[in-house]
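Chain residues, written in single-letter form:
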Amino acid sequence: MNIPQELRYTAEHEWLREEDGVSTVGITAFAAESLGDVVYVQLPEVGSTLTAGSPCGEIESTKSVSELFAPATGEVVEINGGVVDEPELINSDPYGKGWLFRVRAAELPELLDADRYRELTEEA
Amino acid sequence: MTKKSPLHEVHTGLGALFTDFAGWSMPVRYASELAEHKAVREAAGLFDLSHMAEIELTGPEAARALDHALVGKLSAVSVGRARYSMLCAESGGVLDDLVVYRLAEEKYLVVANAGNAAVVAEALRERASGYDTEVTDRSAEVALIAVQGPNSPAIVGAVCDADLTALKYYASVPTTVAGHEVLLARTGYTGEDGFELYVDAAVAPEIWGVLAEAGQPHGLVPAGLACRDTLRLEAGMPLYGNELSTELTPFEAGLGRVVKFDKEEDFVGKAALARRRDAGAEQVLVGLTGTGRRAPRHGYSVLDGETVVGEITSGALSPTLGYPIAMAYVPPALSDPGAKLSVDIRGRVEPVEVVALPFYQR
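Cut-offs and rules
- Residues numbered from 1 in each chain as written.
- Chains lettered and ligands numbered in written order.
- Predicted model: local features only at pLDDT ≥ 70, side-chain atom pairs only at ≥ 80, totals over all residues.
- Heavy atoms only, no water.
- Buried < 20%, exposed > 50% of the residue type's maximum accessible area, 1.4 Å probe, protein only.
- Helix = DSSP H or I, 4+ residues; strand = E, 2+ residues; numbered from the N terminus.
- Contact = heavy atoms within 4.5 Å.
- Pairing = 2+ DSSP bridges.
- UniProt positions renumbered as here; feature names shortened; annotations may be inferred.

Undergrad: Just to check I follow, could you spell out helix H3 (residues 62-69) of chain B for this structure?
TA: The α-helix advances 3.6 residues per turn, and as a result positions three or four apart in sequence lie on the same side. Residue and element names in this part refer to chain B. In terms of residue burial, H3 counts as a mostly covered element, since seven of its eight residues are buried. Among the residues of H3, Ala62, Ala63, Ala65, Leu66, Asp67, His68 and Ala69 are the ones counted as buried. In this structure, the buried side of H3 is in contact with strand S5 (53-58), strand S6 (82-88), strand S7 (94-104), strand S8 (107-112) and helix H4 (117-128).

Undergrad: Help me understand the pairing of strand S16 (residues 301-304) of chain B, please; the structure alone is not making it clear to me.
TA: Side-chain direction in a regular strand flips from residue to residue, so the side chains alternate between the two faces of the sheet. All names here are of chain B. Of the strand pairs in this sheet, S16 and strand S17 (residues 307-317) are connected by four bridges, and their pairing is antiparallel. By the bridge assignment, Val302 is partnered in S17 with Gly310. Pairing of S16 with strand S19 (residues 340-345) involves two bridges; the strand directions are antiparallel. Across the sheet, residue Val302 finds its bridge partner in S19, namely Val343.

Undergrad: Help me understand the UniProt feature "modified residue: N6-lipoyllysine" (unreviewed entry) in chain A, please; the structure alone is not making it clear to me.
TA: Annotation from UniProt places "modified residue: N6-lipoyllysine" (unreviewed entry) at A:Lys63. Those residues in contact with A:Lys63 that sit more than four places away from it in its chain are B:Ala226, B:Asp229 and B:Arg297.

Undergrad: What is the right way to look at the pairing of strand S3 (residues 22-27) of chain A in this model?
TA: Residue and element names in this part refer to chain A. Of all six residues in S3, six are buried, a share of seventy percent or more. Of the two faces of S3, the one holding Val22, Thr24 and Gly26 and the one holding Ser23, Val25 and Ile27 are both buried throughout. Pairing of strand S2 (residues 14-19) with S3 involves six bridges; the strand directions are antiparallel. Each bridged residue has a counterpart across the sheet, and for Glu18 the counterpart in S3 is Ser23. In this antiparallel pair of consecutive strands, S2 and S3, the connection spans two residues, and Asp20 shows a positive phi of 50°. Here S3 runs beside strand S9 (residues 101-107); their pairing, made up of four bridges, is antiparallel. Paired with Val22 across the two strands is Arg104, which belongs to S9.

Structure (C-alpha cells):
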C-alpha cells in the first residue's frame, strides 16, 4: 500500500500536506481502495469554515457513501474542481491529482506520521 | 463458518477483494468494478457464481412435482430449455426466484440464490414428497462459472465443440471443456449475451484457466459481484432481498406472468396469488432515473411532493448510461412512465422520473 513518507495522516484515512500554513487534504490510497470506484464527490465550499472532526462533504463509490471529515479547524481556501468533474482521480492518483481541498488551519490537530498510519491500516 | 468457492485460490492469485455474500467469501472485484462492468458490456467478463445452489430433481414425476412446488409450468418446458420461475409461500410471498433447466424428460436442475439455498432445498423436498421423484442437493459438488458479454460466443466457442448458433437464450447443452463434462447454458444476469458453465467443483480451477486463456484475445477480464450488481440493475433484473421478498408476491414485482394458473397441478400459493392477481397490487415496481451524479440507494424514501410514497430497492449511478438509475416500489397511480417523483438522498431531495424497465438493453 502506498503511504508517502512526507505526508501526515488522520485515523479517518485522510492525508495532509502543509505548506506555508495551508494544508492540502485528500484521502489515502488505502481509503480509495476500500471504497472502490469513486463516482461522486461533494466538497466543502471555498470560504466556509470547517470544524475538526465534523463532516464536511461526502464521497460516493458504486457501492457505498462515506462522509468526509474535516481534519482541522479553519477556512477552506481552495477546492479541487478536477476531482468533482473526474471523481475517478481519487482512485488513480489519491496523493496527486485526486487531492480534495485546501484549508488554512489556525492550528493542526495531532496527526499520524506515515509509519503510525501504516500500522493503523495493517490493524484494519 | 464462511464457505469458500472451489475457485478461492484462483481469486486470491488474481488479487481479488472478497466480500461476505450469504455466508460465502466471494470476489467483490479484482481491480476496478467500473472497468469490469465496462468489459462485460463491450467485451466479456468471467464470473465465479459457485455460491449459487444447484438442486436436481429426477424421476417420472419430477415435472409434476415442480409444477406443484413452483409457480411456473415446468412440465411445459422442452428438454434442453430453461425457465425463470419462483418458489412462493402459501401466502403468495416469494421465497426465492430461480432458473430451472430441463436436462432430460425426467431430470431438472433448479438453480437458486445462495441466501435461499436451504429454504429452497427444504421446500422442494417437502413439496416433492408424494411424487415419484428424487430431490438431490448438488450445490457442494457443482461450481458455476459465467462468461458474459458480446465476445462470449467467441470465447466459449473456442473451448468446446457445442453448436452455439443452435443454442438459444435460456437453453442448455451438455458439452466438454478440456476433456471434462460441463453443462453449458445460454443464461445470465447481466443483460448481455452470455453463458453459464456448470462444472464439477474439482475441475473448476482448470476450466476457469482454460476460459481465461481463450478469452485473452477477446478482452475477457475476471469480474466480481460488485459489477454483477450494477449490470443486473441496468438490465432491470430483480435481486432477491432487494426487489423480491416474502412480503411481496410476483405481481408487485411486475412478474405476474411467471405464475401459471392454467396448469393441471395445484401449486403452493395458488389461492393467495389468485386473490392478489384479482385485487391488484398496492405497490408496484418501477424504474426511476435521475439527473446529476447522486444515486438513490436501497432504503431511501421516494416522495410525491412532500409525501413519502415508496422506497428504493436498488440504485446506482449507471456506469453505462452515466446517470442515476434505481428501482422502487410505488403506488400504481404513480407508476406510469413519465411520472415525476423525487427521492430523499441523505437529506437532499432530488427529482426522478418513472421510466419503463429495463434501463439498458443490448
